[in-house]
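Chain by chain, the residues run as shown.
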Amino acid sequence: MSAPTATPSTIDGAVDDAVIDPDFPLTPVPASHRRSFWSIAIVLLGFTVFAPTLMAGATIGAAFPFTAFLVVLVVGSLVLGAYVAAIGYLGARTGLTTVVMARYAFGTQGSKFASVLLGGTQVGWYGVAVGSIGAMTAQALGWEGPLAPALVMIAVSALMMLTALYGYEGMFWVSAISTPLILILAFWLTGKGIAEVHGLSGLLQIHPTATMTWAAAVTTVVGTFASAGSQAANWTRFARSGRHAVAACVVGFVIGNGLMIFFGAVAALAFGEGDFTTLLVQMGMIGWGLFFLFGNLWKSNADAAYAFGVAGAELANARTKGPFVIGGAVIGTILAITGVHEHIVGYLSLLGVLIPPLGGVLIGDWIARWRAGQPPLASLTERWRWQAFVPYAAGALVAWVSNANGWGVAPLQGILVALVLAWALAPRGAARRSAGM
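I will try to describe carefully the structure that is included in this document. These figures come from a predicted structure and were not determined experimentally.

1. Considering the overall build of the protein chain
When helices and strands are tallied, the protein chain shows 20 helices and zero strands. Relative to the 2.2 N^0.38 estimate, which gives 22 Å for 437 residues, the radius of gyration of the protein chain is 21 Å and therefore close to what a compact globule would have. Counting only C-alpha atoms and orienting by the principal axes, one finds that the protein chain spans roughly 65 × 45 × 35 Å. Counting the 437 residues in the protein chain, one finds 59% classified as buried. Considering only contacts in the protein chain between residues 6 or more positions apart, those separated by 24 or more positions represent 85%.

As structure tokens, this is what we get:
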């Protein structure tokens, strides 16, 4: 694939790499800092091997016969994977984060909307993970009262924040070490679950114990990483080619995320408990349970903190993500202490409705105007582009109404409406002239 058309000196004049954040929050990642396919895939896989996704899988699995659940899982994973792969491809082509790419579609000031939306939802997701660790640790060790869980939340949040501050390198090594161990444990427990119900035939005979519409279930699958997936460019911008970025997104968001939903559903059907930490504690394996919980959420939440850090940097046009990583972590920890993790399914559904149309706008605008190359960021003059806000609003409205009424797959419909409208409204001739094409 072609190299990025912008250079690290495209924002606010010349920029010295030595005095800015080495993760390039506002500038394209240069060729010298690009990583291999395996490096990107490990980071994304570590992102999606995420314990709260097990809870979503358990909720969906309990509401469907096993064969129907598999259909939901495949459809939802394909929608999520295709969407994230497209965003990831743009990240590799441009070398930019999602929120900085939004400057081309939404305008230099309109992009702040994307930063608030994506960064804000990642702060909430960060709070979900931190809260899950505190609550489950207290449950595993039999702690009473709110103080001990709150102290655990503060301590683990500080560690996650420090990992995000260290940047791509820190997230890679945490993922490379913890993800294989967690996957081995998850496969082992799933195998025990299948044996518990006497194999696949036993799973097929289990009847649903809850209710959920097909559309809501697919929306929940997409919602598990709709917000984070919209920011896949934050990591795929380090890829050496668009092809590597797409393949890494498939590994992370189709295989990794799909497996976690599957594991949660099987555990819920076989043991009546979809959370692996609780399940391990019930089996007398408290140490393994806490290892699974902590190792899993450490990596995923470091990625979330990194995401709202670069979103904050774009929002303030700052050359370092550090202050925004710290500020978002503090807010997320406060949300965790106040119990945001207790509303995970509703939160996922909301993310599945509101976030994907934003990515649809970026994809449609890029197809219409920028396939042949983009001008330097510093040359952009449009502050606000209604041609992006109208498609986003229309896509979000369609997704919201579809989700509320159970019509089709709400996230997919939101993406398609936003993408087609952004493509149709883009002033192609003016764009080619501004890009010098």
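We are not done yet, so read on.
2. Digging into the packing of helix α1 (residues 37–48) against helix α7 (residues 168–196)
Closest axis-to-axis distance for the α1/α7 pair is 8 Å, and the angle between their directions is 65°. Considering their axes alone, α1 and α7 lie roughly perpendicular with respect to each other. In this structure, α1 crosses over α7, and the sense of that crossing is left-handed. On α7, the residues that touch S39, I40, I42, V43, L45 and G46 of α1 are Y168, F172, S175, A176, T179 and L183. Here the residues of the contact of α1 with α7 are counted per class, giving eight nonpolar, four polar and no charged.

3. Examining the environment of T338
Within the element layout of this structure, T338 appears in the loop between α15 (322–337) and α16 (344–354). Using a relative accessible area of 61% as the deciding quantity, one classes T338 as exposed.

4. Things to note about the packing of helix α18 (residues 386–405) against helix α19 (residues 410–425)
Between α18 and α19, the least distance of the axes is 8 Å, while the angle of their chain directions is 160°. With respect to each other, α18 and α19 are oriented roughly antiparallel. The chirality of how α18 crosses α19 is right-handed. Between α18 and α19, the residues in contact are W386, Q387, V390, P391, A394, G395, V398, A399, S402 and N403 and A410, Q413, G414, V417, A418, L421, A422 and L425, respectively. Its residues placed into classes, the contact of α18 with α19 shows twelve nonpolar, six polar and no charged.

5. Some remarks on unusual backbone geometry
One non-glycine residue, H198, adopts positive backbone phi at about 65°. Relative to the elements of secondary structure, H198 occurs in the loop between α7 and α8 (200–205). According to the relative accessible area criterion, H198 is exposed, its value standing at 68%. Here the phi dihedral of N317 falls at roughly 55°; this positive angle occurs in a residue that is not glycine. Residue class for N317 comes out partly exposed when judged on its relative accessible area of 30%.

Cut-off values and rules
Every chain begins its residue count from 1, and numbering advances along the sequence as written. In keeping with the model being predicted, local features are shown solely for residues with a pLDDT of at least 70 and side-chain atom pairs are shown and tallied solely at 80 or more, while totals for entire chains, interfaces and linings include all residues. Derived side-chain values reflect all non-hydrogen atoms in the structure, with water molecules and hydrogen atoms excluded from consideration. Only DSSP runs of H or I covering at least 4 residues are called helices, and only runs of E covering at least 2 are called strands; the numbering of each starts at the N terminus. Atoms considered for the radius of gyration are the C-alpha atoms alone. The globule rule reads 2.2 Å times the number of residues to the power 0.38. Only protein chains enter the accessibility calculation, which uses a 1.4 Å probe; a residue is then buried when its area is under 20% of its type maximum, exposed when over 50%, and partly exposed in between. Contacts are residue-level and defined by heavy atoms, with any inter-residue pair within 4.5 Å sufficient. For helices, the fitted line uses only the C-alpha atoms of the stretch in contact; every axis is such a line through C-alpha atoms, and the angle between N-to-C directions lies from 0 to 180 degrees. Any angle between 65 and 115 degrees counts as roughly perpendicular, while under 35 counts as roughly parallel, over 145 as roughly antiparallel, and the rest as oblique. Crossing handedness follows the turn of the near helix against the far one: under a right angle anticlockwise gives a left-handed crossing, and clockwise gives a right-handed one. Three residue categories are used. Nonpolar comprises Ala, Val, Leu, Ile, Met, Phe, Trp, Tyr, Cys and Pro, charged comprises Asp, Glu, Lys and Arg, and polar comprises the others, including Gly.

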